[in-house]
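# Descriptive structure summary
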Amino acid sequence: MITIIIGTNRAGSVSAQVASFLSTVYDEIGIKNQTLDLAELPPETFSPDAYAEKPARVIEFTEQILASSGLVVIAPEYNGSMAGALKLFIDMLPFPESFEDRPVSYIGIAAGQFGGLRPVEHLQQVFGYRNALNYPRRVFIPAVGSVVQAEGGLGKHEFGERLREQAKGFADYCRSLGKLAD
Ligand SMILES: Cc1cc2nc3c(=O)[nH]c(=O)nc-3n(C[C@H](O)[C@H](O)[C@H](O)COP(=O)(O)O)c2cc1C
């Protein structure tokens, strides 16, 4: 099972649209996948008590992460880094088992011209610290609003093709590590 993480909790995010496309891409290559939408995390996730007493949805998401062969993170650029909601979610996950030896693939998206390079590089540092296995072939989508609104959407766009190539490569990477059975 590959788990796609929508790396923001912003209502109506473009990240969610990219995740929806990506899910069809993994379906097409026959890889079971699920999507975690951080918008489903309840407000009490931000409570000072949440680190000790995890909200039920955080526990469910944690179980889904722990059952994953690999993670695909869609990282929108917020103030030159990852969204705060994504970092909070990472901080809620148990150490070390959440990311230890778990393959992770990255997609950066941004309104700006650097296409989410900064949040992805920050995430690689965080996941690297947690001994995750960073898949090196990243995809960055600049001016992402115009890409998803282009005629035919992501599927007909060159970035759609890059995401397909990345998905195939990531599945092979997970298989080569013995993490993905078929
Ligand atoms: C709080 C916030 C901060 C943002 N900061 C940046 C930024 O530093 N650089 C940039 O290129 N775009 C920035 N954006 C634009 C997002 O990258 C853009 O909205 C994109 O669609 C991805 O985010 P989304 O999934 O929330 O839609 C920011 C958006 C928000 C909501």
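Before any of the text, the structure's been laid out above.
Just so it is clear, the model here is predicted, and its values are computed rather than measured. (Residues numbered from 1 in each chain as written. Predicted model: local features only at pLDDT ≥ 70, side-chain atom pairs only at ≥ 80, totals over all residues. Heavy atoms only, no water.)

## A word on the packing of aromatic side chains
Formally: Aromatic rings from Phe, Tyr and Trp, taking only the six-membered ring of Trp, are treated as a pair when their centres fall within 6.5 Å; an angle between ring planes under 30 degrees marks them as stacked, one over 60 as edge-to-face, and anything in between as tilted. Under the DSSP-based scheme used, a helix requires at least four consecutive residues in state H or I and a strand at least two consecutive residues in state E, with every element numbered from the N terminus. Summary of the burial criterion: residues with accessible area below 20% of their type's maximum are buried, those above 50% are exposed, and those between are partly exposed, where the area comes from a 1.4 Å probe applied to protein chains only.
Across all of its chains, the model carries six aromatic pairs by this definition. Consider the rings of Phe61 and Phe89, whose centres lie 5.9 Å apart with planes at 90°: the pair is edge-to-face. Here Phe61 is found in helix H2 (residues 56-66), whereas its partner Phe89 is found in helix H3 (residues 84-92), with 28 residues between them in sequence. Judged by relative accessible area, which is 1%, Phe89 ranks as buried. Their ring planes at 75° and their centres at 6.0 Å tell us that Tyr106 and Phe127 sit as a pair that is edge-to-face. Residue Tyr106 is found in strand S4 (residues 103-109), and its partner Phe127 is found in helix H4 (residues 117-129); the two are separated by 21 residues along the sequence. The exposure class of Tyr106 is buried, given its relative accessible area of 0%. Members of the aromatic cluster, joined through ring pairs, are Phe99, Tyr106 and Phe127.

## Focus on the side chain of Arg102
Stated formally: Here the positive residues are Lys and Arg and the negative ones are Asp and Glu; neither His nor the chain ends is included. By convention in these notes, a salt bridge is any Lys or Arg side-chain nitrogen within 4 Å of a carboxyl oxygen on Asp or Glu. A 3.5 Å cut-off defines polar contacts: any pair of N or O atoms within that distance qualifies, except that in protein one atom must be a possible hydrogen donor and the other a possible acceptor, and neighbouring residues in sequence count only when both atoms are side-chain atoms. Only heavy atoms matter for contacts: two residues are in contact if any of them lie within 4.5 Å across the pair.
Locating Arg102 in the fold gives a position in the loop between H3 and S4. Buried within the structure, Arg102 lacks any salt-bridge partner; Glu97 is the closest side chain of opposite charge, at an N-O distance of 8.0 Å. One polar contact links the side chain of Arg102 to the main-chain carbonyl oxygen of Ile65, over a distance of 3.5 Å. Setting aside residues up to four positions removed in sequence, Arg102 forms contacts with Ile65, Leu66, Ser68, Ser69, Leu71, Glu97, Asn131, Ala132 and Leu133.

## Notes on the pattern of salt bridges
By the definition in use, this model includes eight salt bridges. Residue Arg57 pairs with Glu40 through a salt bridge whose shortest N-O separation is 2.4 Å. Separated by 17 residues along the polypeptide, Arg57 in helix H2 and Glu40 in the loop between strand S2 (33-37) and H2 bring together distant segments of the chain. You can call Arg57 partly exposed: its relative accessible area is 25%.

## As for the environment of Asn9
The residue Asn9 is located in the loop between strand S1 (2-6) and helix H1 (14-28) in this model. Overall, the relative accessible area of 44% leaves Asn9 in the partly exposed class. Separated by 109 residues in the primary sequence, Asn9 and Arg118 place their C-alpha atoms 19 Å from one another. Apart from the residues within four sequence positions on either side, Asn9 is in contact with Leu38, Ala39 and Ala85.

## Re H3
By the burial criterion, the buried members of H3 are Ala85, Leu86, Leu88, Phe89, Ile90 and Met92. Where H3 is buried, its residues touch S1, S2, H2, strand S3 (70-76) and H4.

## Observations regarding the site of the ligand
This is how the line gets drawn: Near, as used in this document, describes a residue that has one of its heavy atoms within 4 Å of the molecule or strand being considered. To measure how exposed things are, a 1.4 Å probe is used in the Shrake-Rupley method; for residues, cover is taken only from the protein chains shown. Charged means Asp, Glu, Lys or Arg here, nonpolar means Ala, Val, Leu, Ile, Met, Phe, Trp, Tyr, Cys or Pro, and polar covers whatever is left, Gly included.
For the ligand, the set of nearby residues contains 15 residues, the closest of which are Arg10, Ser15, Tyr78, Asn79 and Gly112. Within the backbone of Val14, an N or O atom sits 2.9 Å from an oxygen atom of the ligand. With respect to the ligand, the backbone of Ala111 contributes an N or O atom lying 3.3 Å from an oxygen atom. Look at the ligand: alone it shows 600 Å² of surface, and the protein chains cover 71% of it. Considering only residue class, the shell around the ligand consists of seven nonpolar, six polar and two charged.

## Some points on H4
To keep things clear, this is the line we draw: Expected span, for any helix, means 1.5 Å times one less than how many residues it has. Our arc is simply the arc of the directions from the helix axis toward the C-beta atoms.
Taking 1.5 Å of rise per residue, 13 residues should cover 18 Å, and H4 covers 18 Å from first to last C-alpha, within 8% of that figure. Listed in full, the buried residues belonging to H4 are Pro119, Val120, Leu123, Gln124 and Phe127. The arc that holds the buried residues of H4, viewed along the axis, is 140°, so those residues lie on one side. Projecting away from the buried face of H4 at angles above 90 degrees are the exposed residues Gln125 and Tyr129. Close packing links the buried residues of H4 with S3, H3, S4, strand S5 (133-134) and strand S6 (139-141).

Interpretation note: all reported values are geometric properties and have no functional meaning in isolation.
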